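Coordinate analysis (summary)
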Number of protein chains: 2
Amino acid sequence: MDIATLRETHPDHWMKACAIRVLAMDAVQAANSGHPGMPMGMADVATVLFEKHLKFDASNPDWADRDRFILSAGHGSMLLYALLHLTGYEDMTIEQIKNFRQWGAITAGHPEYGHAKGVETTTGPLGQGISNAVGFAMAEEALRARFGRKLVDHYTYVIAGDGCLMEGISQEAIGLAGKQKLSKLIVLWDNNDISIDGSISLSDVTDQRARFAASGWKVLSCDGHDPADIDRALTEAKKSARPVLIDCKTHIGFGSPAKQDSSGAHGSPLGPEEIAKVREIYGWPYPAFEIPAEIKGQWEAIGSRGAAARAEWEARLAGLSDMRRKQFARMMAGEAPKKLAPTIRALKKQISEAAPKVATRKSSELVLEVVNPIMPETMGGSADLTGSNNTKTADLGIFGPEDRKGRYIHYGIREHGMAAAMNGLALHGGIRPYGGTFMCFTDYARGAMRLSALMGVPTVYVMTHDSIGLGEDGPTHQPVEHLAISRATPNTWVFRPADTVETAEAWELALTSTKTPSVLALSRQGLPTVRTKHTTKNLTAQGAYVLAEATAKRQAILIATGSEVEIALAARALLEAEGIGTRVVSMPCQELFAEQPESYRKRVLPAGPVRVAIEAATGFGWDRWLSGERGRAAKAAFIGMDGFGASAPAPTLYKEFGITAEAAAAKVKELLG
Amino acid sequence: MDIATLRETHPDHWMKACAIRVLAMDAVQAANSGHPGMPMGMADVATVLFEKHLKFDASNPDWADRDRFILSAGHGSMLLYALLHLTGYEDMTIEQIKNFRQWGAITAGHPEYGHAKGVETTTGPLGQGISNAVGFAMAEEALRARFGRKLVDHYTYVIAGDGCLMEGISQEAIGLAGKQKLSKLIVLWDNNDISIDGSISLSDVTDQRARFAASGWKVLSCDGHDPADIDRALTEAKKSARPVLIDCKTHIGFGSPAKQDSSGAHGSPLGPEEIAKVREIYGWPYPAFEIPAEIKGQWEAIGSRGAAARAEWEARLAGLSDMRRKQFARMMAGEAPKKLAPTIRALKKQISEAAPKVATRKSSELVLEVVNPIMPETMGGSADLTGSNNTKTADLGIFGPEDRKGRYIHYGIREHGMAAAMNGLALHGGIRPYGGTFMCFTDYARGAMRLSALMGVPTVYVMTHDSIGLGEDGPTHQPVEHLAISRATPNTWVFRPADTVETAEAWELALTSTKTPSVLALSRQGLPTVRTKHTTKNLTAQGAYVLAEATAKRQAILIATGSEVEIALAARALLEAEGIGTRVVSMPCQELFAEQPESYRKRVLPAGPVRVAIEAATGFGWDRWLSGERGRAAKAAFIGMDGFGASAPAPTLYKEFGITAEAAAAKVKELLG
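Remember, predicted model here, so these are calculated numbers, not experimental data. (Residues numbered from 1 in each chain as written. Chains lettered and ligands numbered in written order. Predicted model: local features only at pLDDT ≥ 70, side-chain atom pairs only at ≥ 80, totals over all residues. Heavy atoms only, no water.)

Observations concerning the overall build of chain A
Applied cut-off: A run of H or I in DSSP becomes a helix once it reaches four residues, and a run of E becomes a strand once it reaches two; helices and strands are each numbered from the N terminus. This radius of gyration counts C-alpha atoms alone. The globule rule is 2.2 Å times how many residues there are, raised to the power 0.38. Partly exposed describes any residue whose relative accessible area lies between the buried limit of under 20% and the exposed limit of over 50%, with all areas from a 1.4 Å probe on protein chains only and scaled to the type maximum. Residues count as neighbours in contact if any of their non-hydrogen atoms are within 4.5 Å of one another. The positive count covers Lys and Arg only, the negative count covers Asp and Glu only, and His and the chain ends enter neither. Taken as the charge location is NZ of Lys, CZ of Arg, CG of Asp or CD of Glu.
Tallying secondary structure elements over chain A gives 27 helices and 20 strands in all. A globule of 673 residues ought to have a C-alpha radius of gyration of about 26 Å, and chain A, at 28 Å, matches this closely. Viewed in the frame of its principal axes, chain A has a C-alpha envelope of about 95 × 55 × 45 Å. Split into buried and exposed, the 673 residues of chain A put 68% on the buried side. Sequence separation of at least 24 residues holds for 78% of the intrachain contacts in chain A that already meet a minimum separation of 6. Measuring between centres, the 74 positive side-chain charges of chain A sit 7 Å from its 76 negative side-chain charges.

Overview of the interface of chain B and chain A
Selection criterion: By buried area we mean how much accessible surface two parts lose on assembly, using a 1.4 Å probe and totalling the loss over both. Only one rule defines a salt bridge in this text: a Lys or Arg side-chain nitrogen within 4 Å of an Asp or Glu carboxyl oxygen. Under the rule applied, a polar contact is a pair of N or O atoms within 3.5 Å (in protein, one hydrogen donor and one hydrogen acceptor; residues adjacent in sequence only if both atoms are side-chain atoms). Ten residues, namely Ala, Val, Leu, Ile, Met, Phe, Trp, Tyr, Cys and Pro, are considered nonpolar, four, namely Asp, Glu, Lys and Arg, are considered charged, and the remaining ones, Gly among them, are considered polar.
Between chain B and chain A, the residue contacts involve 98 residues of the former and 98 residues of the latter. Across the chain B/chain A interface, buried area totals approximately 8,000 Å², and carbon plus sulfur atoms make up 59% of it. Summed over the three residues of chain B that lose the most area to chain A, namely Trp-103, Arg-450 and Phe-620 of chain B, the buried surface amounts to 10% of that side. For Arg-101 of chain A, the salt bridge is made with Asp-473 of chain B, and the minimal N-O distance between the two is 2.8 Å. On inspection of chain B and its partner chain A, the count reaches 45 residue pairs in polar contact (both at pLDDT 80 or more). The element best represented in the side of chain B that touches chain A is helix H19 (residues 442–455) of chain B, accounting for eight residues. Within the side of chain B that touches chain A, the residues separate by chemical class into 35 nonpolar, 38 polar and 25 charged.

Re the pattern of salt bridges
What the rule picks out here adds up to 86 salt bridges over all chains. Between Asp-153 of chain B and Arg-149 of chain B there is a salt bridge, with the nearest N and O atoms lying 3.6 Å from each other. Arg-149 of chain B sits in the exposed class, given a relative accessible area of 53%. Between Arg-232 of chain B and Asp-229 of chain B there is a salt bridge whose closest N-O contact spans 2.9 Å. Of this pair, Arg-232 of chain B and Asp-229 of chain B both sit in helix H10 (residues 227–237), three residues apart, which is roughly one turn of the helix. For Arg-232 of chain B, a relative accessible area of 36% puts it in the partly exposed group. Residues joined by salt bridges that share partners form a network here, namely Glu-140, Glu-141, Arg-144, Arg-149, Asp-153, Lys-184 and Arg-404 of chain A.

Details of the confidence of the model for chain A
All names here are of chain A. Let me state the cut-off plainly: Known as pLDDT, the predictor's per-residue confidence is scaled from 0 to 100.
Chain-level pLDDT for chain A is 97 on average; 99% of the residues reach the 70-or-more range. The model gives residues 629–633 a pLDDT under 50, and that stretch makes ten contacts with residues more than four places away or in other chains. Among the scores for the predicted complex, ipTM is 0.98 and pTM is 0.98.

What about the sheet that holds strand S3 (residues 185–191) of chain B?
Residue and element names in this part refer to chain B. So the rule is basically this: DSSP calls a pair of strands paired once it identifies at least 2 bridges connecting them. Structural elements are reduced to axes, namely lines fitted to C-alpha atoms, with helices fitted over the stretch in contact, and the angle between N-to-C directions of any two is expressed from 0 to 180 degrees.
Read across the sheet, five strands follow the order S1-S2-S3-S7-S6 without closing on themselves; strand pairing throughout is parallel. Looking at which strands have only one partner, the edges of the open sheet turn out to be strand S1 (68–71) and strand S6 (218–223). Within the sheet, the average angular offset between the axes of one strand and its neighbour, ignoring direction, is 20°. The pairing of strand S2 (residues 156–161) with S3 spans six bridges and is classified as parallel. Looking across to S3, one finds that Val-158 is bridged to Val-187.

A few points about the environment of Cys-248 of chain B
Checked against the element boundaries, Cys-248 of chain B lands in strand S7 (residues 244–249). A C-alpha to C-alpha distance of 9.7 Å links Cys-248 of chain B and Asp-229 of chain B, two positions 19 residues apart in sequence.

Describing the packing of aromatic side chains
Aromatic ring pairs are reported here in terms of the distance separating the ring centres and the angle at which the planes meet. Applied cut-off: Note on aromatic contacts: the rings of Phe and Tyr and the six-membered ring of Trp form a pair at centre separations within 6.5 Å, being stacked when their planes are under 30 degrees apart, edge-to-face when over 60 apart, and tilted otherwise.
Counted according to the given criterion, the structure contains 39 aromatic pairs over all chains. Seen from their ring centres, Phe-56 of chain B and Tyr-89 of chain B are 6.4 Å apart, and the 5° between their planes marks the pair as stacked. Here Phe-56 of chain B, found in the loop between helix H3 (37–53) and S1, pairs with Tyr-89 of chain B, found in the loop between helix H4 (77–87) and helix H5 (94–98); they are 33 residues apart in sequence, far enough to count as distant. The pair Phe-56 of chain B / Tyr-89 of chain B is uniform in exposure class, with both members buried. Here the aromatic rings of Phe-212 of chain B and Trp-217 of chain B are separated by 4.9 Å at their centres, their planes lie at 85°, and the arrangement is edge-to-face. Judged by relative accessible area, Phe-212 of chain B falls into the buried class, the value being 0%. Residue classification places Trp-217 of chain B among the buried positions, given a relative accessible area of 3%. Ring-pair connections join several aromatic residues into one group, and the members of that group are Phe-50, Phe-56, Phe-69 and Tyr-89 of chain A.

Points about the environment of Gly-129 of chain A
Residues and elements named next belong to chain A. Looking at the element boundaries, Gly-129 is found in helix H6 (residues 128–147). Of the residues examined, Gly-129 reaches a relative accessible area of 0% and is grouped as buried. Gly-129 sits 55 residues away from Gly-74 along the chain, and the two C-alpha atoms are 8.0 Å apart. Dropping the residues within four chain positions of it, Gly-129 is found in contact with Ile-70, Ser-72 and Thr-123.

Considering the sheet that holds strand S18 (residues 581–586) of chain B
In any sheet, the strands associate via hydrogen bonds between backbone groups, in a parallel or an antiparallel arrangement. Residues and elements named next belong to chain B. Strand order in the open sheet formed by five strands is S16-S18-S17-S19-S20, with mixed pairing between adjacent strands. The sheet is open, and its two edges are formed by strand S16 (545–548) and strand S20 (636–641), each paired on a single side. Adjacent strand axes in the sheet meet at a mean angle of 30°, parallel and antiparallel pairs treated alike. The pairing of strand S17 (residues 554–560) with strand S19 (residues 610–618) spans five bridges and is parallel. Looking at S19, one finds that Ala-560 is bridged to Ile-614. Each of S16, S17, S18 and S19 is contacted by helix H22 (residues 565–577), which is oriented at about 170° to S18, the strand it contacts most. Docked against the sheet, helix H27 (residues 661–672) engages S17, S19 and S20, running at close to 145° with respect to S19.

Considerations on the relation of the copies chain B and chain A
For clarity, the threshold we go by: We superpose the copies by least squares over the C-alpha atoms of residues that have a pLDDT of at least 70 in both of them.
Take chain B, turn it by 180°, move it 0.0 Å along the axis, and it overlays chain A with an RMSD of 0.0 Å. Here the copies are linked by what is in effect a two-fold axis. A high fraction, 100%, of the interface residues of chain B reappear at the interface in chain A, so the copies pair face to face through one surface.

A word on the packing of helix H16 (residues 360–371) of chain B against helix H21 (residues 500–512) of chain B
Residues and elements named next belong to chain B. Note the following rule: Note that the term roughly parallel is reserved for angles under 35 degrees, roughly antiparallel for angles over 145, roughly perpendicular for angles of 65 to 115, and oblique for everything else. For any helix crossing, the convention is left-handed if the near helix is rotated counterclockwise from the far helix by under a right angle, and right-handed if that rotation is clockwise.
Contact geometry for H16 and H21: axes closest at 9 Å, N-to-C directions at 55°. The orientation of H16 with respect to H21, classified from their angle, is oblique. Where H16 crosses over H21, the two elements pack in a sense that is right-handed. In this structure, H16 contributes Thr-360, Ser-363, Ser-364, Leu-366, Val-367, Leu-368 and Val-371 to the contact, and H21 contributes Thr-500, Thr-503, Ala-504, Trp-507 and Leu-511. Its residues assigned to classes, the contact of H16 with H21 shows seven nonpolar, five polar and no charged.

Examining the environment of Ala-258 of chain A
Turning to its location among the elements, Ala-258 of chain A is positioned in the loop between strand S7 (244–249) and helix H11 (272–282). With 159 residues separating them in the primary sequence, Ala-258 of chain A and Asn-99 of chain A have C-alpha atoms 26 Å apart.

Regarding the UniProt feature "domain: Transketolase-like pyrimidine-binding" (unreviewed entry) in chain A
Going by this rule: UniProt positions are given in the numbering used here, feature names are shortened, and annotations may be inferred rather than shown by experiment.
The sites that UniProt annotates as "domain: Transketolase-like pyrimidine-binding" (unreviewed entry) are residues 358–529 of chain A. Taken as a whole, residues 358–529 of chain A contains 37% helix and 19% strand, while its terminal C-alpha atoms sit 8 Å from one another.

Considerations on the pairing of S17 of chain B
All names here are of chain B. The cut-off we apply is this: Crossover handedness is defined here as right-handed if the route from the first strand over the helix to the second strand goes clockwise, with the strands pointing away from the viewer.
Burial analysis of S17 places five of its seven residues in the buried class, which makes it a mostly covered element. Two elements, S17 and S18, share six bridges in a ladder whose sense is parallel. Bridging across to S18, Ile-557 finds its partner in Arg-583. For the crossover from S17 across H22 to S18, the handedness is right-handed.

Side note on the packing of helix H2 (residues 11–31) of chain A against helix H4 (residues 77–87) of chain A
A pair of packed helices can be characterised by two numbers: the angle between their axes and the separation between those axes. Residue and element names in this part refer to chain A. At a closest axis distance of 9 Å, the pairing of H2 and H4 adopts a crossing angle of 120°. The orientation of H2 relative to H4 falls into the category oblique. Considering only the axes of H2 and H4, their crossing is right-handed. For the pair H2 and H4, contact is made by Ala-19, Ile-20, Leu-23, Ala-24, Ala-27 and Val-28 and by Met-78, Leu-79, Ala-82, Leu-83, His-85 and Leu-86, respectively. Taken together, the residues of the contact of H2 with H4 sort by class into eleven nonpolar, one polar and no charged.

Have a look at this one:
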């Protein structure tokens with residue numbers, strides 16, 4: 001539909017949509033940076049969605065049963081900010097819009113979760129939003145199955161652009177959503193044929209409609225500038241038994257005489273002259289950032305449209321039994337149950353007495369076996385490595401169209417899609433997701449793992465086969481740099497437990513975390529129990545602690561993590577036998593150790609003794625604990641990997657790469673001179 | 001086709017295919033580790049491919065015009081090793097097969113490029129092979145356009161499994177290949193309906209045939225156990241004007257009474273009893289690792305089938321003009337032209353005199369403008385950020401179905417697919433690929449970037465917008481941990497040049513590298529020329545060097561990279577004005593500095609002065625240069641990022657995050673006490 005027809009046939013709609021468009025143009029111009037073309041192109045679709053379909057109440061952004069609206073094409077952030085401002089979200093003032101992309105404003109360049117209310121997830125890195133949405137929609141299905149339709153019954157709407165659909169992660173999301181028959185997931189595709197480099201045809205010939213249909217989606221179309229047609233498509237989409245793609249044919253930079261339908265509209269301000277021309281074409285005579293009261297009033301009515309439904313929902317919530325209501329509230333708040341701490345303590349006690357030799361991936365399963373029954377909010381899964389990651393406990397049914405009470409997700413061979421879906425599960429509220437793959441495939445999931453950290457979402461990554469200790473699968477599967485990769489990432493706890501007791505402690509921390517994702521680096525190979533003396537205290541919470549003290553005069557400190565703690569203890573035995581007093585420090589979490597008071601850190605790593613760290617990985621980053629915090633007189637060394645691994649049985653690899661007790665003891669003696 | 005029919009109707013084929021199967025079963029059993037099911041399932045397809053279609057000569061594995069065979073489903077490595085052994089590749093002895101997955105053998109767990117001849121690329125991480133193949137096929141098209149069909153005319157065949165097709169990267173590859181109409185790319189899909197967790201239907205409902213067709217592929221089918229049908233499909237595929245998917249319906253673990261068609265056949269040995277039963281079913285009475293001479297002879301005849309064609313090709317090569325032949329040889333060998341060094345020197349001289357203030361992404365373009373005309377082997381591209389990455393120079397046409405002489409690839413919004421395709425372009429030989437994206441999207445490309453390093457492929461990653469200096473796009477786009485990520489990766493050169501001169505030096509190193517990929521971290525924001533005194537020597541080759549010496553008594557050393565070198569110089573000015581002698585060390589490449597002799601490193605970073613490093617990124621890894629190599633008396637500090645960035649103009653961000661000359665000078669004074 002062209003502008004003249006649209007103005008004539010839908011005058012009220014037109015002015016509401018124009019309010020979005022001019023706010024986007026003007027804010028981008030004021031910031032001298034940003035993306036006006038997408039909001040201008042999708043304003044009609046968004047107006048119809050918010051006016052007629054989206055269930056929300058602007059005065060209660062945290063209403064648990066609101067529809068979720070996810071702007072996967074996050075560069076069009078001004079579309080979202082304009083909608084939030086117009087519909088009356090309290091924090092989204094016109095001042096915030098004027099300060100788009102400025103220091104301290106909640107109107108970040110791309111939508112940042114936790115900045116403005118109504119931003120359901122951080123988007124911008126393309127393909128993440130649509131993949132988060134799969135998690136949101138799974139969370140809704142899972143909670144509806146448990147709490148009933150009266151409490152949980154909402155849609156997840158996504159606006160995605162060509163960029164989102166070209167990213168590989170979108171295929172993983174589409175495939176998973178199709179298999180899961182997520183009928184309440186509706187994706188609005190901003191089909192404008194333009195990417196940054198120019199026409200989409202420069203790089204793609206994909207028939208997106210056929211592609212979605214191939215994975216079991218229902219596919220609809222509409223003229224993205226015709227309000228009646230948009231409404232028709234949305235109405236039909238809501239009746240589908242499968243996830244829905246709505247192909248919205250739009251014009252990027254709609255109404256800009258110089259830039260419509262060109263990549264020039266995508267990522268830079270239109271310029272004052274062009275903006276003036278667009279205002280004229282729009283029939284919008286008002287100055288920058290001024291929205292006439294009548295139009296604002298219409299938008300605010302949309303913003304409060306859901307108030308009655310929300311009140312009814314609150315009444316239904318109040319009508320629940322005390323226990324159910326409290327459980328719902330606890331799960332939605334992401335609070336761990338009180339039973340968790342004693343459950344973990346009991347397991348630790350039992351294990352420290354039995355002292356089994358098991359791989360820490362198996363330890364993790366032992367923990368999950370006691371945790372999953374008391375934490376109904378956990379949903380586990382794996383990227384097709386269930387038996388290797390040990391992520392499925394016996395009590396978890398398979399989550400799927402046939403069983404929405406199932407709590408185990410077969411994510412398929414889709415590490416990136418899994419991580420992004422886990423972010424969505426957690427962001428929705430009510431679910432605490434964990435998922436597994438081989439640690440080396442951190443690489444495949446990185447885009448979403450970074451966003452867990454950036455958003456502060458306590459997703460748990462169960463990364464097994466965490467070193468050359470996996471053996472014969474060889475260097476493609478042997479992580480070397482991946483501990484460093486996750487440790488270098490802000491707001492990420494990287495746990496590398498040495499035995500089942502530390503694994504239990506790490507899980508306790510991960511499951512009570514509210515703002516930090518966790519990476520559990522777990523061994524393939526069997527490891528002895530090193531914590532054979534039970535402590536009620538969670539020692540892993542301190543990041544590092546003295547596991548074995550020197551008996552003779554302390555001359556050396558061995559620092560190790562995970563599977564190398566066993567080696568450190570053996571090296572200590574060799575050294576002590578020669579009268580060289582040696583302390584062993586287990587360091588399951590560098591980040592938590594760094595947060596301890598200096599006094600504690602110095603107590604664990606005092607100046608004086610030589611230090612040798614042992615970790616079957618790159619030494620990159622280890623100097624902090626070897627030299628950065630060492631006393632002046634100390635000498636230090638690292639025993640680990642200099643390069644990539646190799647294919648051979650694990651014991652051979654440890655020997656050939658020189659990661660042995662003998663090598664560690666020899667290094668200490670060399671440093672002692 | 002069932003085994004009884006197959007044995008009866010195709011007895012010769014059957015025994016040849018069985019030779020593959022038993023070698024796979026027996027080697028996996030001997031190693032007590034590996035994946036027998038896939039080789040057993042795809043042996044018929046592979047036998048027909050090698051016997052009737054693949055152009056190769058086992059005695060000349062490096063023949064430039066051989067067809068490329070890529071085992072994307074790399075866990076089925078024994079399929080490939082068996083084929084190489086049977087057809088007579090000299091290095092693939094039966095001893096190597098017997099030592100499958102053992103230390104020192106060339107028969108790694110997954111195929112490793114550079115170990116055995118005939119392994120065209122490292123596979124195992126799923127989806128990489130099929131995505132490399134797109135690069136191989138583009139290289140073939142590009143070289144055929146330049147050198148003619150008489151010299152370059154071959155196919156790229158891929159065997160891919162369900163896992164490859166479920167990984168998101170495969171969608172990026174499929175989309176790119178479809179757009180590029182790579183008619184000589186033929187993918188054989190091992191459609192066995194099984195993944196590790198069980199039936200594919202546990203996690204996917206995708207109609208793969210429809211999905212490939214949606215991206216412009218021709219789709220064929222065959223019974224993967226019927227030699228005539230396989231042959232028919234391959235014959236038809238070779239005539240296609242578009243890339244081809246052949247849906248090969250197969251049975252994993254074909255012939256195993258207990259494990260066929262189950263995930264139990266996938267990743268563990270069958271066991272001696274089951275193997276004995278399979279031998280009986282196969283009608284294969286020979287002991288482990290014994291191949292009857294007759295069958296070996298038939299296979300060796302296949303291995304030498306291409307010898308005549310190769311000899312004819314050699315004759316055609318010899319018939320070329322001296323210049324053309326030398327150019328072909330130089331390009332295929334990956335040798336930089338002699339003109340490169342003087343060209344870089346001339347640019348350095350010109351720039352050090354003109355001393356422009358430009359962003360290093362623009363510096364990179366300035367370098368490419370002089371390099372691309374003298375290096376016909378370069379092929380550039382970007383993941384849809386051409387104007388931002390400054391990767392396209394005026395002389396490069398667009399590579400596409402209409403112009404195979406074009407040297408610029410619009411990769412689309414496909415960072416992972418781009419990186420994997422670049423690996424393929426480089427591995428094919430004849431092409432030196434570089435490609436750009438925002439540095440933050442290292443995360444999206446990591447899977448393939450790691451393989452560049454592991455394989456030792458000199459791919460060049462042009463990573464622009466390398467810090468908070470990109471400003472308003474905010475934390476989703478601001479790399480913080482990505483320098484650390486690439487630095488933590490073995491065999492990777494991470495260059496962060498401070499100006500155009502260092503950028504030119506970094507490019508010279510990247511373009512002459514034969515075994516190491518390069519990451520160029522380039523600024524969005526303008527930077528002054530700091531190397532205003534011309535040196536013919538490539539100072540970046542030393543990794544770090546003294547950029548500005550203390551004039552007063554040396555009390556401090558400031559170490560900085562990239563955009564922060566300017567800040568270090570300004571801090572030095574502040575300190576020198578107060579009489580505090582301060583050296584500035586520019587450190588564009590930590591890896592190359594680490595390789596210098598200790599004497600040089602100590603000369604650049606002598607004991608004594610306090611040290612402050614400045615880099616707008618995480619300090620993770622910096623302790624090595626601050627403390628690890630510092631003299632005993634020195635104190636040190638890092639000025640950079642503690643967490644993620646924010647949305648605001650770049651100057652505001654530097655100020656708010658405290659990365660300023662004033663902060664650096666204050667820190668030095670604090671350390672001096």
